[in-house]
Amino acid sequence: MNTTFRPSRVLCALLLTGLAGAASATLTKPVYNTAKDEVKAMYKAERDKCDSLSGNAKDVCVERAKGQEKVALANLEWQYTGKAKDHNDYLEARYEARYNVAKEMCDDKAGNAKDVCVAQAKADHDKAKADLKANKKMVAAENDAIEAKLKADYKVASERCDALSGDAKDSCQASAKARYFQ
């Protein structure tokens, strides 16, 4: 069985767009809605191709089409909002899709080979999940460190402002608050 993943041109374009502007929202509402409709149409076309297959090959095809749709929609949402939560949802959709396809492909095997296949799919899924969880914790730790540094720098700047008086002190404090996001 051929296990090569061949995303459509729309999906490739979405992924490339996501890589180009991943840090912020890059899509307007009309573009987002059009792309969403295209992803759904792509899913329907891919799903219809599966009807010509039978048995487990059909099941794998359907699972692959579902996964492509979920990943593309999650990527679109992330591109539209630019939120970290949507980025995590996109990454989660990717590893869930891979897991579901891999698990379905194991149905072609029997006995110990099937058990090993399922165990490998589960292990890959768990590793991806653990990586995502670790990345979330690293981002939270980095954010905490940045916040602590900003507070410390603000305290120093505020101390410097205490030597001033009147409008100069007010201006200095306002500047320090703006500079250190307090």
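That block above? That's the structure.
Rules behind the numbers
Residues numbered from 1 in each chain as written. Predicted model: local features only at pLDDT ≥ 70, side-chain atom pairs only at ≥ 80, totals over all residues. Heavy atoms only, no water. Phe/Tyr/Trp six-rings, centres within 6.5 Å; stacked < 30°, edge-to-face > 60°. Helix = DSSP H or I, 4+ residues; strand = E, 2+ residues; numbered from the N terminus. Buried < 20%, exposed > 50% of the residue type's maximum accessible area, 1.4 Å probe, protein only. Disulfide = S-S within 2.5 Å.

K.L.:
Lay out the packing of aromatic side chains with the relevant residues and their values.
P.N.:
Within this structure, the stated rule accounts for two aromatic pairs. With 4.3 Å between their ring centres and 20° between their planes, Tyr-32 and Tyr-80 make a pair best called stacked. Residue Tyr-32 is located in helix H2 (residues 29-50), and its partner Tyr-80 is located in helix H3 (residues 55-81); the two are separated by 48 residues in the primary sequence. With relative accessibility at 6%, the residue Tyr-32 sits in the buried group. According to the relative accessible area criterion, Tyr-80 is partly exposed, its value standing at 24%. Centre to centre, the rings of Trp-78 and Tyr-90 are 5.5 Å apart; their planes meet at 15°, and the pair counts as stacked. A residue pair is termed long-range when its members are at least 10 positions apart, and Trp-78 in helix H3 and Tyr-90 in helix H4 (residues 84-105) qualify at twelve residues. Here Trp-78 falls in the buried class, since its relative accessible area comes to 9%. Look at Tyr-90 and you get buried, because its relative accessible area is 8%.

K.L.:
Account for unusual backbone geometry, naming residues and giving values.
P.N.:
Excluding glycine, most residues fall at negative phi; most peptide bonds, likewise, are trans. Phi is positive for Phe-181, which is not a glycine, with a value near 55°. Topologically, Phe-181 is positioned in the segment after helix H6 (166-179). Residue Phe-181 is classed as exposed on the basis of its relative accessible area of 66%.

K.L.:
An account of the state of the cysteines is needed here, citing residue identities and associated values.
P.N.:
A full pass over the atoms with the stated rule returns three disulfides. The disulfide bridge from Cys-50 ends at Cys-61, spanning 2.0 Å between sulfur atoms. Disulfide Cys-50-Cys-61: torsion about the S-S bond near -80°, hence left-handed. Here Cys-50 is found in helix H2, whereas its partner Cys-61 is found in helix H3, with eleven residues between them in sequence. Exposure class is identical for Cys-50 and Cys-61. Each is buried. Here the bonded cysteines of the protein are numbered in sequence order, and their pairing is 1-2, 3-4, 5-6.

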